[in-house]
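# Examining the three-dimensional arrangement
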Amino acid sequence: MASKLEGCVALVTGASSGIGEATAKLLAQQGAKLVLVARREERLNQLANEIRDSGGEALVFVADITDSSQAQAAVKATIEHFSQLDILVNNAGVMIVNPVDEQTIEDWERMIDLNQKGLLYMTQAALPYLKQAAEHGQRRVSDIVNISSLAGRVSIPKFAVYNMTKFGVNGFSEALRQELAPLHVRVGVLEPGAVRTELNDHHVGAVKEAMDAVFASVEVLEAEDIADGIVYMTTRPRHVTIRELFIQPSEKS
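A brief structural summary. All figures in this text were calculated on a predicted structure; none of them were measured in a lab. (Residues numbered from 1 in each chain as written. Predicted model: local features only at pLDDT ≥ 70, side-chain atom pairs only at ≥ 80, totals over all residues. Heavy atoms only, no water.)

## Concerning the environment of asparagine 98
Topologically, asparagine 98 is positioned in the loop between strand S4 (87-90) and helix H4 (105-136). Along the sequence, asparagine 98 and lysine 158 sit 60 residues apart, while their C-alpha atoms lie 4.6 Å from each other. (Helix = DSSP H or I, 4+ residues; strand = E, 2+ residues; numbered from the N terminus.)

Encoded structure:
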């Protein structure tokens, strides 16, 4: 039996580690051809080789998607190499946690640039080809999955600017879903709770100690848990859209 995504092309941002890496592997297992986008070339090449060794296809594209021209170039390379794009996973993100008056403007700009602008740049560049896939592709549907967070629905002290970026991702995703629904370009937002990824390594001092204590207190999610959710969202029948998927550790109330 053919894999559910055989013949599809999926572009994953932030693919060099964590959720992005796990998602790329799982999409490849479902038959998708992968475009791996991030800044760390060595990590991307390792992942691409792993996918190829398992019989899949993968294209590496090194880019800083906070630069709109690099985001556009990533999509252009996808089309030049594979001639199509069926799935966009906007996963790249950064979380810097501190009280607002202890953060720098550079901290704010880093989160806004990657969590929001990078997502916008990638989405705009990809949309013409996602529309083509929905109209003419073998599945007659295409997908955008935007990775948000628990912090996109619940405000948390010391997360204020990160909250702002992820609430924005949620609002953008729902408005875009409504715009594109008649075209069968599905837009879904996935909101993970506590996940064990490199995102948590950005903290220092008391904030890191507090985050480490949270992670030690419950059995947290793994990147593969979120990847499984992304595969679920992108393998539904054409008439089914998962507009929002919230995944959290079972022990959290």
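That covers the picture; the talk isn't over yet.
## Regarding the pattern of salt bridges
One pass over the full model with this rule turns up ten salt bridges. Among the ionic contacts, a cluster of salt bridges with common partners joins Glu21, Lys25 and Glu50. (Salt bridge = Lys/Arg side-chain N within 4 Å of Asp/Glu carboxyl O.)

## Brief notes about the environment of glycine 137
Its location among the elements puts glycine 137 in the loop between H4 and strand S5 (142-147). The exposure class assigned to glycine 137 is buried, which follows from its relative accessible area of 19%. Taking the C-alpha atoms as reference points, glycine 137 and glutamine 84, separated by 53 residues in sequence, lie 8.6 Å from one another. (Buried < 20%, exposed > 50% of the residue type's maximum accessible area, 1.4 Å probe, protein only.)

## Focus: the sheet that holds strand S1 (residues 9-13)
As summarised here, the arrangement of the seven strands in space is S3-S2-S1-S4-S5-S6-S9, forming an open sheet in which the pairing is parallel. Looking along the sheet, the strands with just one partner apiece sit at the ends: strand S3 (58-62) and strand S9 (244-247). Across the sheet, the mean angle separating the axes of adjacent strands is 15° when strand polarity is ignored. As judged from the three bridges shared by S1 and S4, these two strands associate in the parallel manner. Looking across to S4, one finds that valine 12 is bridged to valine 89. Helix-sheet contacts for helix H1 (residues 18-29) involve S1, strand S2 (33-38), S4 and strand S6 (185-192), and the interaxial angle to S1 is about 170°. (Pairing = 2+ DSSP bridges. Axes fitted to C-alpha atoms, helices over the stretch in contact; angles between N-to-C directions. Contact = heavy atoms within 4.5 Å.)

## Focus on the packing of aromatic side chains
The tally for this structure, following the rule as stated, stands at one aromatic pair. It is arginine 153 that lies over the ring of phenylalanine 246; its NZ or CZ is 4.1 Å from the centre. (Phe/Tyr/Trp six-rings, centres within 6.5 Å; stacked < 30°, edge-to-face > 60°. Lys NZ or Arg CZ within 6 Å of the ring centre and 35° of its normal.)

## Some remarks on helix H7 (residues 223-234)
With twelve residues, H7 ought to run about 16 Å at 1.5 Å a step, and its terminal C-alpha atoms sit 17 Å apart, in line with that. Ala223, Ile226, Ala227, Gly229, Ile230, Val231, Met233 and Thr234 are the residues of H7 that are buried. (Expected span 1.5 Å × (residues − 1).)

## What to know about the pairing of S3
The buried count for S3 comes to four of five residues, which makes it a mostly enclosed element. Bridge analysis of S2 against S3 gives five bridges, and the strand direction is parallel. Looking across to S3, one finds that leucine 36 is bridged to valine 60. This β-α-β element, S2 to helix H2 (residues 41-53) to S3, shows right-handed connectivity. (Right-handed = clockwise from strand over helix to strand, strands pointing away.)

## Describing the nonpolar core
With 38 residues, the main nonpolar core has Leu11, Val37, Met122 and Ile144 as its most contacted residues. If you list the elements that add at least two residues to this core, you get S1, S2, S3, helix H3 (68-82), H4, helix H5 (160-180) and S6. Top contributing element to this core by residue count: H4, with eight residues. With near-sequence residues (within four places) excluded, isoleucine 144 lies in contact with Leu88, Asn90, Thr123, Leu127, Leu130, Leu176, Leu180, Val185, Arg186, Val187 and Gly188. (Core = buried A, V, L, I, M, F, W, Y, C linked by side-chain atoms within 4.5 Å.)

## A short note on a negative patch on the surface
A cluster of acidic side chains, namely Glu219, Glu224, Asp225, Asp228 and Glu251, defines a negative patch on the protein surface. Assignment of secondary structure puts glutamate 224 in helix H7. (Patch = residues over 30% accessible without salt bridge, like charges linked within 9 Å, V, L, I, M, F, W, Y side chains within 5 Å. Areas by Shrake-Rupley, 256 points an atom, 1.4 Å probe, with all protein chains shown as cover. Lys, Arg positive; Asp, Glu negative; His and termini not counted. Charge placed at Lys NZ, Arg CZ, Asp CG, Glu CD.)

## Structural notes on unusual backbone geometry
Non-glycine residue serine 83 carries a positive phi angle of around 70°. Among the secondary structure elements, serine 83 is positioned in the loop between H3 and S4. In the Ramachandran plot, arginine 140 falls in the positive-phi region, its phi being about 60° despite a non-glycine side chain. Relative to the helices and strands, arginine 140 is located in the loop between H4 and S5.

## Things to note about the side chain of arginine 186
In this structure, arginine 186 sits in strand S6. Take arginine 186: its relative accessible area is 4%, and that puts it in the buried class. In terms of polar contacts, arginine 186 uses its side chain to reach the backbone carbonyl oxygen of arginine 236, at 3.1 Å. (Polar contact = N/O pair within 3.5 Å; in protein donor to acceptor, adjacent residues only side chain to side chain.)

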